[in-house]
Amino acid sequence: MAVQTVATSSDSTVDLGPAAALSCRECGHRVPLGPVFACEECFGPLEIAYDFSAYDTEELRRRIEAGPANIWRYAPLLPVPADVAGKPNLNPGWTKLVKADNLARELGVTGGLYVKDDSGNPTHSFKDRVVAQALEAARAFGFTTLSCSSTGNLAGAVGAAAARAGFRSCVFIPHDLEQGKVVMAAVYGGELVGIEGNYDDVNRFCSELIGDPAGEGWGFVNVNLRPYYAEGSKTLAYEICEQLGWRLPDQIVIPIASGSQLTKIDKGLQELIRLGLVEDRPYKIFGAQAEGCSPVSTAFKAGHDVVRPQKPDTIAKSLAIGNPADGPYVLDVARRTGGAVEDVTDAQIVDAIRLLARTEGIFAETAGGVTVGVTRKLLAEGALDPAKTTVVLNTGDGLKTLDAVAGTGLTATIRPTLDSFREAGLA
């Protein structure tokens, strides 16, 4: 794969706020800001390097707290221009951090249990955060088409963001996604293309399209714009800490697809520590996968550093990435923080979806069932401390994955009479 094949601007003077350069996660080689995603020296992944040296802690805190109720309150810490809030964007974020006391009692958690419920975003998943970031990079680099490879949620987020910003969109998905996600991605009027195969097949195709003249002027949010896109996940870390009163959680459970969300949440927590916005103290990060697609969990349990690809076979299709790009980095984060990576079966996922809905009134998609199910399993295994403050992520709305709980329905069917009501045992 070519490191840089798109004929577009990579001007180091482009206005992306505090973003200073792109830096290789493996060898540290730096290049100017541009639509580049792999290091030209070692082919390692590139990520954003910042210059935060001019910030005063208390002034920065006041600026954040006075900001809008969306991710742009954190614009001083993101690769976006200072006037980002005034541009046409879906403005996601600042979703609820729900104190889940009923779920805590059910699971035996005494130290405080919270659900970060990202189903409240514009297209009802956390993907709105990362797409919002990628859209600003696409503007800066002069792209005209917004695209992606997707397991569903990202397709909808790209379609909606492109419609709002006046971009053309063309997104690619596995041909057998849940119908709810297909409809939600298609309704925004962009082009939606099903590819015969799984997500990894879709992603390979998109990488080839970037290197072809047919892809010129296209910004693939999770490929050639990936360094910018991935930074959107940091805003989950920022919000959780601010909503906890500028305090780090003791434990956080995060679903794993590519693994980028987990690693960027860790990056966000580390930035808050370095900036003095939260007290520096230990925290543990736990990753959650479905048993039917658990390459990172398998590697963690075996003590391996290499994540071997798997062929996905799970109802949690939004997490069904058999060859996760950030898998090795997830292992690093889990081990460095004293966390773990665990998995649950499809049956446990469904049970956890119902548990969260029954206890807290939150209808999670299958990825949320994975995190809640893994949380319950980790508590039973003693890996999670029930006396510590714990945050569990729900990254999407259950209306997108109705098939998972298709057996749920009417309690009874009665005649419109009191006698029938009593006969059904409902009185």
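For clarity, every value in this text was computed on a predicted model and none was experimentally measured.

Basis of the calculations
- Residues numbered from 1 in each chain as written.
- Predicted model: local features only at pLDDT ≥ 70, side-chain atom pairs only at ≥ 80, totals over all residues.
- Heavy atoms only, no water.
- 1 Å grid on protein atoms, 1.4 Å probe; cavity = no way out; pocket = protein on both sides within 12 Å on 5 of 7 lines; lining within 4 Å.
- Points joined across faces, edges and corners; volume = space filled by probe spheres on them.
- Helix = DSSP H or I, 4+ residues; strand = E, 2+ residues; numbered from the N terminus.
- Pairing = 2+ DSSP bridges.
- Axes fitted to C-alpha atoms, helices over the stretch in contact; angles between N-to-C directions.
- Contact = heavy atoms within 4.5 Å.
- Buried < 20%, exposed > 50% of the residue type's maximum accessible area, 1.4 Å probe, protein only.
- Right-handed = clockwise from strand over helix to strand, strands pointing away.
- Nonpolar A, V, L, I, M, F, W, Y, C, P; charged D, E, K, R; others polar.
- Salt bridge = Lys/Arg side-chain N within 4 Å of Asp/Glu carboxyl O.
- Phe/Tyr/Trp six-rings, centres within 6.5 Å; stacked < 30°, edge-to-face > 60°.
- Lys NZ or Arg CZ within 6 Å of the ring centre and 35° of its normal.

### Things to note about the layout of surface pockets
- In this structure, the largest pocket spans a volume of roughly 910 Å³.
- Forming the boundary of the largest pocket are 39 residues, of which Asn203, Asn222, Arg226, Asn323 and Ala325 lie nearest the centre.
- Residue assignment for the lining of the largest pocket shows that the elements contributing at least two residues are β3 (46-50), α6 (199-210), α7 (226-229) and α9 (260-274).
- For the lining of the largest pocket, the leading source of residues is α6, giving six residues.
- What the second largest pocket holds in volume is close to 280 Å³.
- Lining of the second largest pocket is provided by Arg25, Glu47, Thr263, Lys264, Asp266, Lys267, Gln270, Arg274, Tyr329, Asp332, Val333 and Arg336.

### Some points on the sheet that holds strand β11 (residues 284-290)
- Across the sheet, which stays open at both edges, the six strands sit in the order β4-β5-β13-β10-β11-β12 with mixed pairing between neighbours. A strand with exactly one partner marks an edge of an open sheet, and here the two such strands are β4 (97-99) and β12 (341-344). Looking at each pair of strands side by side, their axes are set apart by 25 degrees on average, direction ignored.
- Bridge count for β4 against strand β5 (residues 113-117) is three bridges, and the pairing is antiparallel. Of the residues in β5, the one forming a bridge with Val98 is Val115.
- On the sheet, helix α11 (residues 327-337) packs against β11 and β12 and is oriented at approximately 135 degrees with respect to β11.

### Regarding the pairing of β11
- β11 sits mainly inside the fold: six of its seven residues count as buried.
- Looking at chain direction, strand β10 (residues 251-255) and β11 are connected through five bridges and run parallel. Across the sheet, the residue bridging to Val253 is Phe286, located in β11.
- Between the parallel pair β10 and β11, the chain is carried across by α9, and the sense of this crossover is right-handed.

### Observations concerning the sheet that holds strand β7 (residues 168-174)
- The strand order across the open sheet built from four strands is β8-β7-β6-β9, with neighbouring strands paired in parallel fashion. Two strands close off the open sheet at either side, each with one partner strand: β8 (191-195) and β9 (218-220). Going across the sheet, the axis of each strand differs from the next one's by a mean of 20 degrees, ignoring polarity.
- The pairing of strand β6 (residues 145-149) with β9 spans three bridges and is parallel. Considered in β9, the bridge of Leu146 is made with Gly219.
- Contacts between α6 and the sheet are confined to β6, β7, β8 and β9, with β7 contributing the most and set at about 145 degrees to the helix.

### Digging into empty space enclosed by the protein
- Overall, the coordinates contain two cavities of 30 Å³ or more when judged by the stated rule.
- Here the largest cavity defines a volume of roughly 200 Å³.
- Along the walls of the largest cavity sit 19 residues, with Phe126, Lys127, Ala257, Gln261 and Leu319 positioned nearest its centre.
- For the lining of the largest cavity, the elements supplying multiple residues, two or more each, are α3 (127-140) and α9.
- Split by residue class, the lining of the largest cavity holds nine nonpolar, eight polar and two charged.
- Taken as a whole, the second largest cavity holds about 30 Å³ of empty space.
- As for the second largest cavity, its lining consists of Ala155, Gly159, Ser169, Val171, Ala185, Gly190, Glu191 and Leu192.
- Contributing elements (two or more residues each) for the lining of the second largest cavity: α4 (153-165), β7 and β8.
- Its residues assigned to classes, the lining of the second largest cavity comprises four nonpolar, three polar and one charged.

### A short note on the pattern of salt bridges
- Within this structure, the stated rule accounts for 29 salt bridges.
- A salt bridge links Glu47 to Arg25, with the shortest nitrogen-to-oxygen separation between them at 3.5 Å. Here Glu47 is found in strand β3, whereas its partner Arg25 is found in the loop between β1 (19-24) and β2 (30-31), with 22 residues between them in sequence.
- Put simply, Glu342 and Lys377 hold a salt bridge, and the shortest N to O gap is 3.4 Å. One end of the pair, Glu342, is in strand β12; the other, Lys377, is in helix α13 (residues 366-381), with 35 residues separating them in the sequence.
- Several salt bridges share partner residues, and in doing so they unite Arg25, Glu47, Arg226, Glu231, Lys234, Lys264, Lys267, Glu271 and Asp326 into one network.

### Considerations on the side chain of Asn394
- Within the secondary structure, Asn394 is located in strand β13 (residues 390-394).
- Residue classification places Asn394 among the buried positions, given a relative accessible area of 2%.
- Apart from the residues lying within four places of it in its own chain, the contact partners of Asn394 are Val115, Lys116, Asp117, Asp118, Ser119, Ile362, Ala364, Glu365 and Gly368.

### Examining unusual backbone geometry
- The phi dihedral of Asn91 is positive, around 50 degrees, even though this residue is not glycine.
- With respect to the secondary-structure elements, Asn91 resides in the loop between α1 (57-65) and β4.
- Backbone geometry at Trp94 places phi at a positive 55 degrees, although glycine is not the residue there.
- Its place among the elements puts Trp94 in the loop between α1 and β4.
- For Trp94, a relative accessible area of 29% puts it in the partly exposed group.

### Let's talk about the packing of aromatic side chains
- Applying the stated criterion across every chain yields a total of seven aromatic pairs.
- Ring centres of Phe172 and Trp218 lie 6.5 Å apart, and the angle between their planes is 25 degrees; this geometry places the pair in the stacked category. Of the two residues, Phe172 sits in strand β7 while Trp218 sits in strand β9, which places them 46 residues apart along the sequence.
- Relative accessible area serves as the criterion here: at 5%, Phe172 is assigned to the buried category.
- On the basis of an interplanar angle of 25 degrees and a centroid distance of 5.7 Å, the ring pair of Trp218 and Phe220 is categorised as stacked. Each member of the pair, Trp218 as well as Phe220, carries the same accessibility label: buried.
- Three or more aromatic residues joined by ring pairs form one cluster here, namely Phe172, Phe205, Trp218 and Phe220.
- Positioned above the aromatic ring of Tyr329 is the side chain of Arg25, whose terminal nitrogen or guanidinium carbon lies 4.2 Å from the ring centre.

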